[in-house]
2 protein chains.
Amino acid sequence: MKTDTQTYRSQCPLSIALEYIGDKWSLIIIRDMCLGKSRYCDFQNSPEGIPTNILASRLRELEENGLLLKRPYQGKPVRYEYFLTPKGADLLPVLQHLVRWTQKHVDGAGEPPAGFFEAKPEDLLTMWAQAQKTER
Amino acid sequence: MKTDTQTYRSQCPLSIALEYIGDKWSLIIIRDMCLGKSRYCDFQNSPEGIPTNILASRLRELEENGLLLKRPYQGKPVRYEYFLTPKGADLLPVLQHLVRWTQKHVDGAGEPPAGFFEAKPEDLLTMWAQAQKTER
DNA sequence: TCCTTTCACTTGCAATAAGCAAGTGACAAT
DNA sequence: ATTGTCACTTGCTTATTGCAAGTGAAAGGA
């Protein structure tokens, strides 16, 4: 979770992954970003209804952990937009399998948007690529 | 989660999946079962050190939700062993992608056992197949 | 017989996290 | 001057975690 001398509960790569995204909300935010959402209020308006204080703390954690970046899209009042890093975007295959799993095993689940299963992590990095450019 | 008139926080298949396994421990137990563990004390002895009360409640939930079954392997004192149903075993691809993700993005993560990435959900159903047979 | 162990849990309790409602500060629009 | 929006923060209540200890049934040994 932290950057150095991190103390994971075990070295198991699965367990480590769960320390990053093993909760009820982190992957919901990642999903929203995969679907093109990028602002605080976009995340708030998702049907699951994430509490606003939890949203703020999750965005902070995900950023600290390198899964997403935020940058201001306007000054005065500063407003941020969030976008996925490669580390965050690489969770897309996990989301895709979870969606498949639900569709196979749970009745009454909804459909993902068209093209969801065909998407690749690289497709999600437009914003990240821009940020890399402007950084030089 | 429940069997009828279930009330998920949304119809999104990802969100529903997280209501089944979106916490820090459920997938750890599923992982252990994928690795051939089947008894309470096996799960307890895993390096992550799951608290025993949480283990008991997770096993109960996972069984209620149809991801695993338990059956006595001895009477007097009754002792149970747990094994995956197809619904539980089908989470293996999710575990595999999470492991890959950690290996790619997190330094110092351990290696999964040999053959882990080649395994398929069907390979995990020996016990389940037996249970189906003895049921008739 | 009595004592010690093991297994699979349960119980009690303190600490942490989640969830709800309301508030805040910067600005824009009316 | 008032209202509204956005991106949060604060306060508080409830729920979940995590730790330690306890329980009951039986097996094994002295």
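What counts, and at which threshold
- Residues numbered from 1 in each chain as written.
- Chains lettered and ligands numbered in written order.
- Predicted model: local features only at pLDDT ≥ 70, side-chain atom pairs only at ≥ 80, totals over all residues.
- Heavy atoms only, no water.
- Helix = DSSP H or I, 4+ residues; strand = E, 2+ residues; numbered from the N terminus.
- Rg over C-alpha atoms; globule rule 2.2 N^0.38 Å.
- Contact = heavy atoms within 4.5 Å.
- Pairing = 2+ DSSP bridges.
- Near = heavy atom within 4 Å.
- Polar contact = N/O pair within 3.5 Å; in protein donor to acceptor, adjacent residues only side chain to side chain.
- Least-squares fit on C-alpha atoms with pLDDT ≥ 70 in both.
- Salt bridge = Lys/Arg side-chain N within 4 Å of Asp/Glu carboxyl O.
- Buried < 20%, exposed > 50% of the residue type's maximum accessible area, 1.4 Å probe, protein only.
- Buried area = accessible area lost by both parts, 1.4 Å probe.
- Nonpolar A, V, L, I, M, F, W, Y, C, P; charged D, E, K, R; others polar.

Draft legend 1. Spatial organisation of the overall build of chain A. The helix and strand inventory of chain A stands at seven helices and two strands. Sequence-ordered secondary structure for chain A, helices as α and strands as β, is α-α-α-α-β-β-α-α-α. For 136 residues, the compact-globule formula gives about 14 Å, and the C-alpha radius of gyration of chain A, at 16 Å, lands near that figure. Dimensions along the principal axes, computed over C-alpha positions, put chain A at roughly 50 × 40 × 30 Å. Summarising the internal contacts of chain A: among those between residues at least 6 apart in sequence, 45% fall at separations of at least 24.

Draft legend 2. A look at the pairing of strand E1 (residues 68–74) of chain B. All names here are of chain B. The pairing of E1 with strand E2 (residues 79–84) spans six bridges and is classified as antiparallel. Bridging from a neighbouring strand, Leu-69 pairs with Phe-83 of E2. Here E1 hands over to E2 after four residues, with Lys-76 in that stretch at a positive phi of 35 degrees.

Draft legend 3. Up close: the protein's contact with DNA strand D. Surveying the vicinity of DNA strand D reveals 20 residues, the closest of which are Arg79(A), Tyr82(A), Trp25(B), Asn53(B) and Arg58(B). Looking at DNA strand D alone, sugar and phosphate atoms form 63% of those within 4 Å of the protein. Note that a phosphate oxygen of DNA strand D is positioned 3.3 Å from one of the backbone N or O atoms of Cys41(A). At a separation of 2.4 Å, a phosphate oxygen of DNA strand D approaches a polar side-chain atom of Trp25(B).

Draft legend 4. How the structure looks around the relation of the copies chain A and chain B. Expressed as a screw operation, the relation of chain A to chain B combines 0.0 Å of axial shift with a rotation of 180 degrees, fitting to an RMSD of 0.0 Å. Seen this way, the second copy is the image of the first under a two-fold rotation axis. Closest approach to the rotation axis within chain A is made by the C-alpha atom of Asp23(A), at a distance of 2.3 Å.

Draft legend 5. Examining the pattern of salt bridges more closely. By the definition in use, this model includes 16 salt bridges over all chains. Its salt-bridge partner being Arg58(B), residue Asp23(B) comes within 3.1 Å of it at the nearest N-O pair. In this pair, Asp23(B) sits in the loop between helix H1 (13–21) and helix H2 (26–34) while Arg58(B) sits in helix H4 (residues 52–64), placing the two residues 35 residues apart along the sequence. Each member of the pair, Asp23(B) as well as Arg58(B), is classed as buried. The structure contains a network of salt bridges with shared partners spanning Arg31(A), Asp32(A), Lys37(A) and Glu48(A).

Draft legend 6. Local environment of the interface of chain A and chain B. The partner chain B presents 46 residues to the 46 residues of chain A that form the contact. Between chain A and chain B the total buried area reaches about 3900 Å² when both faces are included, carbon and sulfur atoms providing 69% of it. Summed over the three residues of chain A that lose the most area to chain B, namely Arg9(A), Leu14(A) and Trp101(A), the buried surface amounts to 18% of that side. Joining chain A to chain B, the criterion identifies two salt bridges.

Draft legend 7. Layout of the protein's contact with DNA strand C. Residues in contact with DNA strand C amount to 20 residues; listed here are only the nearest, Trp25(A), Asn53(A), Arg58(A), Arg79(B) and Tyr82(B). Looking at DNA strand C alone, sugar and phosphate atoms form 63% of those within 4 Å of the protein. A distance of 2.5 Å separates a phosphate oxygen of DNA strand C from a polar side-chain atom of Trp25(A). At a separation of 2.5 Å, a phosphate oxygen of DNA strand C approaches a polar side-chain atom of Arg58(A). Listed by contribution, the elements that provide at least two residues to the surface near DNA strand C are helix H4 (52–64) of chain A together with helix H3 (40–44), H4, E1 and E2 of chain B. When grouped by side-chain class, the residues that make up the surface near DNA strand C number 10 nonpolar, four polar and six charged.

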